[in-house]
Amino acid sequence: MNLTTAKRFTIDEYHRLAELGFFAEDDRFELIEGEIVQMVAKGTLNSVCNTRLYRELFQLLGEQATLRGQEPIIISNESEPEPDLAIVQNRPDDYLETHPQPSDVLLVIEVADSSLKYDQEIKLPLYAKAAITNYWIFNLVDNYLECYSEPYQDLQYKFGYRRKLIFLPNETVNLPVFPNLVLNLSQVFPKK
């Protein structure tokens, strides 16, 4: 009997591969549960939504928190995803010493069209397992915002979120942790 097992990488091993030039400069990868996953190329709709979202959040947040775009967050020793956007607590060193960890993260956001299933089925339980309290998916397939909160673990040791709210592109949504800040989704979703 010939059994093969895939090599699982730690964050240190993953970073060492990058230092050794294993990845081309333009390659986009992230480490998920020990697997090195190539990130999907972004289409025009995704890029426009991401740009508009970044602009709106940057204006809303001001100096109240740090907005990071496609930068790593450390989930565990085997997971370092690079969400489209993350709102994290301010730190004097701007995370020079280490990437944000779950306790630093206020909101993780993915903008999804071709990556929708991946963001719902792989990233959602990953973020819930890390106890990240708020996860949003800008669902460009169905053209609405999915807001997840209240992470939990079920009796089969699977992770998810208890609450899922849907907001339409013509609605507004309050930012978690900053309830006085209101995001106008008509300024984010591209006009099709």
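As shown above, the structure is provided for reference.
Below: a short report on this structure.

Some thoughts on the pattern of salt bridges
Inspection of every chain in the model, using the stated rule, returns five salt bridges. For Lys123, the salt bridge identified is with Glu110, shortest N-O distance 2.9 Å. Separated by 13 residues along the polypeptide, Lys123 in helix α3 (residues 116-129) and Glu110 in strand β5 (residues 105-112) bring together distant segments of the chain. The same class applies to Lys123 as to Glu110, namely buried. Note that Arg163 is salt-bridged to Glu150, the shortest N-O span being 4.0 Å. You can see Arg163 sitting in strand β8 (residues 159-167) and its partner Glu150 sitting in strand β7 (residues 144-153), a full 13 residues away along the chain. Given a relative accessible area of 40%, Arg163 falls into the partly exposed group.

A word on the sheet that holds β7
Strand pairing in a sheet relies on backbone hydrogen bonds. The paired strands run either parallel or antiparallel. If you trace the six strands from one edge of the open sheet to the other, you get β3-β4-β5-β6-β7-β8, paired in mixed fashion. Looking at which strands have only one partner, the edges of the open sheet turn out to be β3 (66-69) and β8. Strand-to-strand, the axes of this sheet are offset by a mean angle of 20°, without reference to chain direction. Summarising the sheet, β3 and strand β4 (residues 85-88) pair through four bridges and their orientation is antiparallel. Directly across from Leu67, in β4, lies its bridge partner Ile87. Across the face of the sheet, α3 comes into contact with β5, β6 (134-139), β7 and β8 while running at roughly 175° to β6.

Some details on the nonpolar core
Within the largest apolar cluster, 26 residues are counted, with the highest numbers of intra-cluster contacts made by Leu53, Leu57, Trp136, Phe138, Leu145 and Leu183. Beyond its immediate chain neighbours, meaning those up to four positions away, Phe138 contacts Cys49, Leu53, Ile109, Glu110, Val111, Ala112, Tyr144, Leu145, Leu183, Leu185, Val188 and Phe189.

A look at the pairing of β4
Residues Leu85 and Ile87 line one face of β4 and the alternating positions Ala86 and Val88 line the opposite face, and both faces are buried. The sheet contact formed by β4 and β5 spans four bridges and is antiparallel. Counted as the bridge partner of Val88 is Val105 from β5.

The rules behind each value
- Residues numbered from 1 in each chain as written.
- Predicted model: local features only at pLDDT ≥ 70, side-chain atom pairs only at ≥ 80, totals over all residues.
- Heavy atoms only, no water.
- Salt bridge = Lys/Arg side-chain N within 4 Å of Asp/Glu carboxyl O.
- Helix = DSSP H or I, 4+ residues; strand = E, 2+ residues; numbered from the N terminus.
- Buried < 20%, exposed > 50% of the residue type's maximum accessible area, 1.4 Å probe, protein only.
- Pairing = 2+ DSSP bridges.
- Axes fitted to C-alpha atoms, helices over the stretch in contact; angles between N-to-C directions.
- Contact = heavy atoms within 4.5 Å.
- Core = buried A, V, L, I, M, F, W, Y, C linked by side-chain atoms within 4.5 Å.

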